[in-house]
Protein chains: 2
Amino acid sequence: MDARAIRQSLEDSGLRCTAQRYAVMAFLVEHAGHPTAAEIFAAVNRVDPRSSRATTYNNLRDLVRAGLVREVAVEGRAARFDARGIRHHHFVCDRCGNVEDLEWYDVPRPASHSLGKRVLRECELIFRGLCSNCARRRAPRKAS
Amino acid sequence: MDARAIRQSLEDSGLRCTAQRYAVMAFLVEHAGHPTAAEIFAAVNRVDPRSSRATTYNNLRDLVRAGLVREVAVEGRAARFDARGIRHHHFVCDRCGNVEDLEWYDVPRPASHSLGKRVLRECELIFRGLCSNCARRRAPRKAS
DNA sequence: ATATTAGATTAGACGTATTCTAAACTCCGG
DNA sequence: CCGGAGTTTAGAATACGTCTAATCTAATAT
Ligand SMILES: [Mn+2]
Ligand SMILES: [Mn+2]
Ligand SMILES: [Zn+2]
Ligand SMILES: [Zn+2]
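The text that follows walks through the structure, step by step, so that each part is easy to find. Just so it is clear, the structure is predicted and the values come from calculations on it, not from any experiment.

### A word on the packing of helix α2 (residues 19-30) of chain A against helix α3 (residues 37-46) of chain A
Residue and element names in this part refer to chain A. For the pair α2 and α3, interaxial distance at closest approach is 10 Å and the crossing angle is 110°. Considered as vectors, α2 and α3 are oriented roughly perpendicular to each other. Residues Ala23, Val24, Phe27 and Leu28 of α2 form the contact with α3, whose own contacting residues are Ile40, Ala43 and Val44. When its residues are assigned to classes, the contact of α2 with α3 shows 7 nonpolar, no polar and no charged.

Encoded structure:
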């Protein structure tokens, strides 16, 4: 996704393409590592122009509303964000809290009778366990 | 799950069955509505003996670690908790944030090649959309 | 061009959820 | 009794996010 495409997707969503908003979106497209709002704020300000914390939060809120960005709530930690590029699932590490992308595959929807009058928008599949880093540290050596 | 069973499950997990800890667990078993820590704190203190806020949080942490309680992180709101009774999925309302139980069904695991060296503990399926209450308010009347 | 307007940004105060701290308490085995 | 691990407590402290009110910007109307 290049600069032009980012600009376009913002405008298609009825959002002005301001320098600050563009910077947030561009950073997320660039970095697939699920940064927190604080990390995004720091990163876009390392460059230019200085953006405020409130603006970063405002823009993240707007981008999530527009469906361009996904927010991942992790228990006990700051929310994490990613650009909704190609569909994928998430793996959350029990130990370090890292969020990693996992190849997407179709998820069976719930039976409509169990859904009742609810209106379903999306099914999110989250895997939990130990990331490869933490699995290595945790696992006892086979033979010393 | 009766008093005896609760006491037993705590001890099986290596946790002393204190009045405060028991009260938290009993409240969760009793109330399937996914209360927040603050709600649990208020509820167990409405009865006896007075438990502190820190203790409520400590016990929730211990119970989650022991696998007896599940924590559900909802973006922008306080965490919610439920006793892990029979397996079920969750539906989270976009509008009011309520968490509702949904009938459980098996979820296909990811291909092992996409999992890499990660150690998978569980697959969690979360549905999002509008709960029946919010769907009613939102949807335009068909004919007045 | 100038006025008007809605949208966006800003710094910092604020609020809420959660964790930390350090002292006291409880239970149990020796 | 005594010692130690586990637990509880009140309140301070922190983390994260939202709000306010003033200011700025960009798009449109006159
Ligand atoms: Mn992702
Ligand atoms: Mn539940
Ligand atoms: Zn990890
Ligand atoms: Zn709702």
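### A word on the protein's contact with DNA strand D
Around DNA strand D sit 18 residues, and of these Tyr57 of chain A together with Thr18, Arg21, Arg50 and Ser52 of chain B come closest. Put simply, 64% of the atoms of DNA strand D that lie within 4 Å of the protein are in sugar or phosphate. At 3.4 Å, a backbone N or O of Arg16 of chain B approaches a phosphate oxygen of DNA strand D. Between DNA strand D and the protein, one listed contact pairs a phosphate oxygen with a side-chain N or O atom of Thr55 of chain B at 3.2 Å. Going through the elements one at a time, α4 (53-65) of chain A together with α2 (19-30) and α4 (53-65) of chain B are the ones with two or more residues in the surface near DNA strand D. Per-element accounting of the surface near DNA strand D gives the leading share, 5 residues, to α4 of chain B. A breakdown of the residues in the surface near DNA strand D according to their chemical character gives 5 nonpolar, 7 polar and 6 charged.

### A word on the packing of aromatic side chains
Think of a pair of aromatic rings as described by two things: how far the centres are apart, and how the planes are tilted against each other in angle. Residues and elements named next belong to chain A. Within this structure, the stated rule accounts for 2 aromatic pairs over all chains. Considering the side-chain rings of Tyr105 and Phe127, the 6.4 Å spacing of their centres and the 40° angle between planes classify their relative orientation as tilted. In this pair, Tyr105 sits in the loop between β4 (99-103) and α5 (112-115) while Phe127 sits in strand β5 (residues 119-130), placing the two residues 22 residues apart along the sequence. One exposure class covers both Tyr105 and Phe127, and it is buried.

### Let's talk about the relation of the copies chain B and chain A
For the pair chain B and chain A, the superposition axis carries a translation of 0.0 Å, the fit reaches an RMSD of 0.1 Å, and the rotation angle comes to 179°. As the rotation angle and translation indicate, the two copies are arranged about a two-fold axis. Across chain B, the smallest distance between a C-alpha and the rotation axis is recorded for Leu125 of chain B, namely 2.4 Å. When you check the interface residues of chain B against chain A, 100% turn up at the interface there too, and the contact is symmetric in its surfaces.

### A look at the side chain of Arg80 of chain A
Residues and elements named next belong to chain A. Summarising the element assignment, Arg80 is placed in strand β2 (residues 80-83). It turns out Arg80 is buried and unbridged, and the closest side chain with the opposite charge, Glu39, is 4.2 Å from it. For Arg80, the contacting residues outside a window of four places in its chain are Gly33, His34, Pro35, Thr36, Glu39, Arg70, Glu71, Val72, Val74, Gly97 and Val99.

Quick notes on the rules
Residues numbered from 1 in each chain as written. Chains lettered and ligands numbered in written order. Predicted model: local features only at pLDDT ≥ 70, side-chain atom pairs only at ≥ 80, totals over all residues. Heavy atoms only, no water. Axes fitted to C-alpha atoms, helices over the stretch in contact; angles between N-to-C directions. Helix = DSSP H or I, 4+ residues; strand = E, 2+ residues; numbered from the N terminus. Parallel < 35°, antiparallel > 145°, perpendicular 65-115°, else oblique. Contact = heavy atoms within 4.5 Å. Nonpolar A, V, L, I, M, F, W, Y, C, P; charged D, E, K, R; others polar. Near = heavy atom within 4 Å. Polar contact = N/O pair within 3.5 Å; in protein donor to acceptor, adjacent residues only side chain to side chain. Phe/Tyr/Trp six-rings, centres within 6.5 Å; stacked < 30°, edge-to-face > 60°. Buried < 20%, exposed > 50% of the residue type's maximum accessible area, 1.4 Å probe, protein only. Least-squares fit on C-alpha atoms with pLDDT ≥ 70 in both. Lys, Arg positive; Asp, Glu negative; His and termini not counted. Salt bridge = Lys/Arg side-chain N within 4 Å of Asp/Glu carboxyl O.

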